[in-house]
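# Survey of secondary and tertiary structure
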Amino acid sequence: MQEIRAQLSEDLTAATTDQDIEAVRVRYLGRKGAITLLRKNADFSAMSGAERKRFGQQFNELKRFAEQQIAAAQARQTSTALAPPSIDMTLPGLNNHLGHLHPISLVQMELEEIFQSLGFMILDGYHVETDFYNFESLNIPRDHPARDMQDTYWLKNGLLLRTHTSANQVRALEHYGAPVRAIFPGRCFRNEAIDPSHENTFYQLEGLMVDREISVANLIAVMRTVLAAIFHREVTVRLRPGYFPFVEPGFELDIQCLICAGEGCSTCKKSGWIELLPCGLVHPRVLEFGQVDPDRYSGFAFGLGLTRLAMMKYNIPDIRLLNSGDLRFCEQFPAAV
Ligand code: DAH
């Protein structure tokens, strides 16, 4: 019985198919199987009562063992046949194609967070604007030469596609009054011939802060705080006079070149400075258009070119890539979160 038991285990280990296992079953438990014959051929008459009892116990145990082992082997065979193919952990994962953020969105989101930390609201405006908000209320009357600087898309109904986010200034003043702090990021349109640095559709981020006794010092302080946060280091700024009908005085704000620290290099065209944004103190007429008393309140405004900033920050050589809709372009920027 010991031998049969050992042999059965060995045979079952060697059996790899259903047929092999069935053959083992027949060989041991079949009508002429080794275990069956063991009982058939036993000579009970030559055994004492105690011997017979012992034989019976051992035989039953062997038979149960054989049945269990064969059933287990059959079960193993079925489960491996049904099991899914094993997983190869070393294969690269499937790409689930998460979208990517557009570089303009990235810069816009970063700026929004910085301005929010300084107490600015984020406001939206209209792409389709009236002559009043885009021009008149910004001290640009109908025959003013400044209109020539902004090639406007006029609609048949007399409305226009806003040429700058400054169109939101008087809307915000009318709605919120003073004091107010807000930024207006958004898309602007101008009828420009398109080349590597000009687009007819681009993004600006306008800022407006109106309160008691706002001066150029406040403008410089806010700009320096914001620019240090974007560029992750202290920046040196300078103001040059600049003309815009809706600010007085108006400035061009430059930052000292971050590449050469003012020494002069190819990025700053050897000047040591990079022109970053136009700004100024809100013209009293603009405050009046917004129903804010210029004798009590003053403010500053600025118009940051978001498109230009994104190009600077990510070293994008051609403005046309931004609106190209080419996914290979966007895929170089972080995936959406
Ligand atoms: N709106 C002007 C433009 O698009 C930019 C600008 C200049 C905005 C001076 C301002 C400012 O807020 O103060 O050319």
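The paragraphs below set out a description of the structure included in this document. For clarity, every value in this text was computed on a predicted model and none was experimentally measured.

Parameters and conventions
Residues numbered from 1 in each chain as written. Predicted model: local features only at pLDDT ≥ 70, side-chain atom pairs only at ≥ 80, totals over all residues. Heavy atoms only, no water. Phe/Tyr/Trp six-rings, centres within 6.5 Å; stacked < 30°, edge-to-face > 60°. Helix = DSSP H or I, 4+ residues; strand = E, 2+ residues; numbered from the N terminus. Buried < 20%, exposed > 50% of the residue type's maximum accessible area, 1.4 Å probe, protein only. Lys NZ or Arg CZ within 6 Å of the ring centre and 35° of its normal. Core = buried A, V, L, I, M, F, W, Y, C linked by side-chain atoms within 4.5 Å.

The tally for this structure, following the rule as stated, stands at 11 aromatic pairs. Pairing Phe55 with Phe59 gives two aromatic rings, centres 6.1 Å apart and planes at 15°, and the pair type is stacked. Placement of both Phe55 and Phe59 in helix α4 (residues 49-82) is noted, with a separation of four residues, approximately one turn of the helix. On the basis of relative accessibility, which here comes to 6%, the residue Phe59 falls in the buried class. An aromatic cluster of at least three residues, connected via ring pairs, comprises Phe115, Phe120, Phe300 and Phe302. Seen from the ring of Phe65, Arg5 lies directly overhead, with NZ or CZ sitting 4.3 Å from the centre. Its end group placed over the ring of Tyr297, Arg212 keeps NZ or CZ at 5.7 Å from the ring centre.

Our next topic: the nonpolar core. Judged by nonpolar contacts, the single largest core of 47 residues is most densely connected at Leu111, Phe115, Leu227, Leu253, Phe300 and Phe302. In terms of residue count, the dominant contributor to this core is helix α8 (residues 216-231) (seven residues). Grouped together as the second largest cluster of nonpolar side chains are 24 residues, Tyr133, Ala182, Leu208 and Phe244 included.

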